[in-house]
Amino acid sequence: MSTGTSTFVIRWINFFTMILGIGVICFGIWMGVHHDQCRKSLTLPVMGLGASILLISFIGFLGAWKNVVVFLWVYLVMLCLILIAIMVSTVLAFIITNSGSGHAVNGLRYKEYHLQDYSPWFLKQLNDSKHWRRLRSCLVKSEECNSLPKRFKTLKEYKLAELTPIEAGCCRPPSECGYPVVNASYYDLSYHPVSKNKDCKLYKNARSIKCYDCDSCKLLAQYMKMEWRVVAIFNVILFVVLSFVYFVGCCARRNVSRIDTPKMPRRR
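This is a predicted model, so every value here is computed, not measured.

Regarding its fold elements, the protein presents 11 helices and 4 strands. Relative to its full complement of 268 residues, the protein shows a buried share of 36%. Pairs at least 24 residues apart make up 63% of the contacts formed inside the protein by residues separated by at least 6 positions. When the accessible surface of the protein is summed, it comes to about 16,300 Å², and 66% of that surface belongs to carbon and sulfur atoms.

So, about the side chain of N205. With respect to the element layout, N205 can be found in the loop between α10 (199–202) and α11 (220–260). In terms of polar contacts, N205 uses its side chain to reach the backbone carbonyl oxygen of Y187, at 2.9 Å. Once you skip the residues sitting within four places of it in the chain, N205 turns out to touch S185, Y186, Y187, L189 and K210.

This structure, assessed with the given rule, holds 3 salt bridges. A salt bridge links E167 to R151, with the shortest nitrogen-to-oxygen separation between them at 2.4 Å. Separated by 16 residues along the polypeptide, E167 in helix α9 (residues 165–170) and R151 in helix α7 (residues 148–151) bring together distant segments of the chain. By relative accessible area, R151 is classed as partly exposed at 42%. Salt-bridge contacts for D215 lead to K198; the nearest nitrogen and oxygen are separated by 3.6 Å.

Okay, the nonpolar core next. L139, L148, Y158, L163 and C170 are the most contacted members of the largest nonpolar core, which has 22 residues in total. Where this core is concerned, the elements lending two or more residues are α6 (129–142) and α9. Apart from residues no more than four positions distant in its own chain, L148 is found in contact with Y158, L163, E167, C171 and A184. Judged by nonpolar contacts, the second largest core, of 13 residues, contains A64, L79, L83 and V245.

Moving on, we come to the packing of aromatic side chains. Evaluation of the coordinates by the stated rule reveals 9 aromatic pairs. For the ring pair W12 and F16, a centre distance of 6.0 Å and an interplane angle of 40° mean the geometry is tilted. Taken together, the residues span about one helical turn, with W12 and F16 both in helix α1 (residues 3–34) at a distance of 4 residues. On the basis of relative accessible area, W12 is assigned to the partly exposed category, the value being 38%. Their ring planes at 35° and their centres at 5.9 Å tell us that F61 and W65 sit as a pair that is tilted. With F61 and W65 both in helix α3 (residues 43–66) and 4 residues apart, the pair spans about one turn of that helix.

Thresholds applied
- Every chain is numbered on its own, with residues counted from 1 as its sequence reads.
- pLDDT decides what is reported in this predicted model: residues at 70 or higher carry local features, side-chain atom pairs at 80 or more are listed and counted, and totals for whole chains, interfaces and linings draw on all residues regardless.
- Side-chain descriptors were evaluated using all non-hydrogen atoms of the structure, hydrogens and water having been removed beforehand.
- Here a strand is any run of E in DSSP of at least two residues, a helix any run of H or I of at least four, and the numbering for each starts at the N terminus.
- Exposure categories follow from relative accessible area, calculated using a 1.4 Å probe and restricted to protein chains: below 20% of the type maximum is buried, above 50% is exposed, and the middle band is partly exposed.
- In this analysis, two residues are considered to be in contact whenever any of their non-hydrogen atoms come within 4.5 Å of each other.
- Accessible surface is estimated by sampling points in the Shrake-Rupley manner with a 1.4 Å probe; for residues, cover comes only from the protein chains shown.
- By the criterion applied in these results, polar contacts are pairs of N or O atoms within 3.5 Å in which, for protein atoms, one can donate a hydrogen and the other can accept it, and in which residues neighboring in sequence qualify only through two side-chain atoms.
- Between Lys or Arg on one side and Asp or Glu on the other, a salt bridge is scored when a side-chain nitrogen of the former is within 4 Å of a carboxyl oxygen of the latter.
- Here the nonpolar core consists of buried residues drawn from Ala, Val, Leu, Ile, Met, Phe, Trp, Tyr and Cys, with membership extended through side-chain atoms lying within 4.5 Å.
- Pairing of aromatic rings covers Phe, Tyr and Trp, the last counted by its six-membered ring, and requires centre-to-centre distances within 6.5 Å; plane angles under 30 degrees mean stacked, over 60 mean edge-to-face, and any other angle means tilted.

Below is the structure:
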């Protein structure tokens, strides 16, 4: 790849990624201002990501624009570290999420998930009392459970519904408890549970309690698993794109080095 072509491509790629970095920082600021405390926890990581993109892109843009070899070297080293980090995190994501497929229950159109089916890493994160208290408060504020009666007007609609993992685990007792269903938000707890599962006694019909303290509610791990899978697939695509950018950057650095290297006069 010629000097002009490689530096031109690197220059414009990094120009657009600088704009992207500024956009990510602005999005992080917007999250901090407009979202509740649950989503505000993502503000600093998002802004940090945007700042990193902006910094790396600026170094690459400046190096390609001014033909500065040192800046291109720094740019390539940082890009290489990012590629390694993406590769490692993608492999870990596929390993960690390779469990927890769910269990079918007779008469229900959705699956129930058990904590013991998930990887030890997921269990450690969910059983951390500090993390779980924050996640629990966010679940209560989300109003997912309280919206069920509005979505399912009749008992038949509720029984035929395809509930999400959170709705199935946090908004109702496990099906093995055997509590009769009155409506989408109320179960008859006067019956003695037929299962020894401790979640049967933890469930209450109160809007602020429900099954938020149950182990079944911690099948939030299923959502985490799906999100990690999406992130892993995105990382694969990002790895391919950044590998191309890295290749072009190497060409630009090599070509700029040739320009800066003085040619030795030929001996007669």
